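Structural features, examined
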Amino acid sequence: MKYIFYIAVFNAFFFALLLFQKKSREIHDNILIVWLVYLGLFIGGYSLYSHELFTHFNLLSANLISLFFLQGVFLYLYASRLVSKRDNFNKKNLLHLLPFAAFNLYLIVASFFPDIAHGIRIENIHTNVHPPLLFLIFLIITLLSGPFYFALTLNLFKKHKINIFNNFSSTENINLEWLRKLVIIFGIIWTILIIITVIHHVFNLFSMVFCTDSLFLALSVFVILIGYFGLKQKVIFENEYKQQPVLAEERMKYSGSTLKEDKADKYTKQLGEYMRLEKPYLNPELTLAQLASEINITTHHLSQIINEHFNLNFFEYINQFRVEEVKSRISNPKFESYSLLGIALDSGFNSKSAFNRIFKKTTNQTPSQFKSELANK
């Protein structure tokens, strides 16, 4: 088991070093670096001294357990920075560290009172020892922090999904699907292990070493996955999004908008003309901010026009043009020698999977079915 921990420690520091050498590090990269260093030290310390701590050093073993609280906090901070459009770190996020700080302050104060310190123990082997109530409360908060922050992070992904559909015409590499799946899988495993730990304390089943070994084994696997995928994760919201406000909710009501009806009609015609003549949708990386800049409209007004006049979000609006472009090219003898994928890529789609999914959702047919039906006619 210890060799697995050593491998995880090496990977944590290795990925942190690679991230540190990145030429253009963002805030989420810096958070991940600190997170990986913390995991490396945490897992390394446990692999070297864990069993001795549980047996001989009650307060230090409690301090070790308190560090589990930071895992959920780091996960939430990392995910929130990835989905955020701000270019600075919100210092209010540091408030998430208050329970951890309070727990360790309590342990420091308790160390000066032998009667209280004697009751603070992680290994439940002395049935005649009653742990202090405040210690149990901190322990429960630490145990529940994992599932709590997993749920909080998954809620971030729901909001992020709405945001990218309102601002991007393609979701490849920006939908954070890898992190969402990792949070779900790791969250389920972590919650099961927490339940086992609670059973140990309540019914004195299993052993604390078994519980903590399992938790650190899960952390070791997590280190490798978060380091590998986090290293490849690019910035989602570039500077262009930090300069102008964008929608946070799909099809929201623009009650405070300054866009009058006559100007909205003018912008709608301007947008339609530009889409027909210039075909900006052929750019697979087209974004709301880019299109707004090209037609000299604010992102807020452009988003309002698309939402209210077409009852679509930006992603749907752009991809309907791409689907029509594909249909037009399939019908054109000039493109008879082209493959469906070749036509799709030339029409603005940037992957086969996205093309097939969007085409079928829009036309209720697969591209192959549409082509065959057209040939039969």
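Higher on the page you've got the structure.
Thresholds, definitions, all that
- Residues numbered from 1 in each chain as written.
- Predicted model: local features only at pLDDT ≥ 70, side-chain atom pairs only at ≥ 80, totals over all residues.
- Heavy atoms only, no water.
- Helix = DSSP H or I, 4+ residues; strand = E, 2+ residues; numbered from the N terminus.
- Buried < 20%, exposed > 50% of the residue type's maximum accessible area, 1.4 Å probe, protein only.
- Contact = heavy atoms within 4.5 Å.
- Areas by Shrake-Rupley, 256 points an atom, 1.4 Å probe, with all protein chains shown as cover.
- Salt bridge = Lys/Arg side-chain N within 4 Å of Asp/Glu carboxyl O.
- Polar contact = N/O pair within 3.5 Å; in protein donor to acceptor, adjacent residues only side chain to side chain.
- Phe/Tyr/Trp six-rings, centres within 6.5 Å; stacked < 30°, edge-to-face > 60°.
- Expected span 1.5 Å × (residues − 1).
- Arc of directions from axis to C-beta.
- Core = buried A, V, L, I, M, F, W, Y, C linked by side-chain atoms within 4.5 Å.
- Patch = residues over 30% accessible without salt bridge, like charges linked within 9 Å, V, L, I, M, F, W, Y side chains within 5 Å.

Attention now goes to the overall build of the protein chain. Helix and strand counts for the protein chain come out as 17 helices and zero strands. A burial count over the protein chain gives 47% of its 377 residues as buried. Within the protein chain, residue pairs in contact and separated by at least 24 positions form 75% of the contacts whose partners lie at least 6 positions apart. Within the structure as shown, the protein chain displays about 20000 Å² of accessible surface, and the carbon and sulfur contribution to it stands at 61%.

Once that is clear, we can look at the pattern of salt bridges. Scanning the entire structure with this criterion turns up six salt bridges. Residues Arg180 and Glu177 are paired through a salt bridge, measuring 2.6 Å at the closest nitrogen-oxygen approach. With Arg180 and Glu177 both in helix H8 (residues 177–203) and three residues apart, the pair spans about one turn of that helix. Looking at Arg180, the relative accessible area reads 31%, which means it is partly exposed. Between Glu325 and Lys279 there is a salt bridge whose closest N-O contact spans 3.5 Å. Of this pair, Glu325 sits in helix H14 (residues 314–331) while Lys279 sits in the loop between helix H11 (261–278) and helix H12 (288–294), and the two are 46 residues apart along the sequence.

Time to look at the side chain of Ser169. Secondary-structure assignment places Ser169 in the loop between helix H7 (133–167) and H8. Taking the relative accessible area as the measure of exposure, Ser169 reaches 2% and is therefore buried. A polar atom in the side chain of Ser169 sits 2.9 Å from the side chain of Arg322. Filtering out sequence-adjacent residues up to four positions away, Ser169 remains in contact with Asn283, Pro284, Glu285, Leu286, Phe314, Phe315, Ile318, Asn319 and Arg322.

Moving on, we get to the environment of Phe10. Inspection of the secondary structure puts Phe10 in helix H1 (residues 2–20). Among the residues examined, Phe10 registers a relative accessible area of 56% and is labelled exposed. Sequence separation of Phe10 and Val223 is 213 residues, and the distance between their C-alpha atoms is 9.8 Å.

On to the packing of aromatic side chains, then. Tallied over the entire structure, the rule returns 34 aromatic pairs. Judged by centre distance (5.2 Å) and plane angle (55°), the rings of Phe349 and Phe355 are tilted. Classification of Phe349 as buried rests on a relative accessible area of 3%. Ring geometry for Phe359 versus Phe370: centroids 5.8 Å apart, planes at 70°, classification edge-to-face. In this pair, Phe359 sits in helix H16 (residues 352–363) while Phe370 sits in helix H17 (residues 367–376), placing the two residues eleven residues apart along the sequence.

Another point: H11. Its 18 residues give H11 an end-to-end C-alpha distance of 25 Å, which sits within 8% of 26 Å, the value for a rise of 1.5 Å per residue. If you check which residues of H11 are buried, you get Ala264, Tyr267, Thr268, Leu271 and Met275. Here the buried residues of H11 occupy an arc of 105° about the axis, which is enough to place them on one side. Along H11, exposed side chains directed more than 90 degrees from the buried face belong to Asp262, Lys266, Lys269, Arg276 and Leu277.

Core analysis: the biggest nonpolar cluster contains 71 residues, and Trp35, Tyr78, Leu179, Leu219 and Ile226 have the highest contact counts within it. Of all the secondary structure elements, the ones that give two or more residues to this core are H1, helix H2 (27–56), helix H3 (58–66), helix H4 (68–83), helix H5 (98–110), H7, H8 and helix H9 (208–232). With twelve residues, the single largest contributor to this core is H4. Excluding residues that lie within four positions of it along the chain, Ile226 makes contacts with Leu32, Trp35, Leu36, Tyr78, Trp178, Leu179, Leu182 and Leu231.

Our next topic: a nonpolar patch on the surface. Nonpolar side chains collect at one region of the surface, where Leu105, Ile108, Val109, Phe112, Phe113 and Ile116 lie side by side and expose about 610 Å² of accessible area between them. Sorting elements by how many residues they give to the nonpolar patch places H5 first, with three residues. Within the secondary structure, Phe112 is located in the loop between H5 and helix H6 (114–119).

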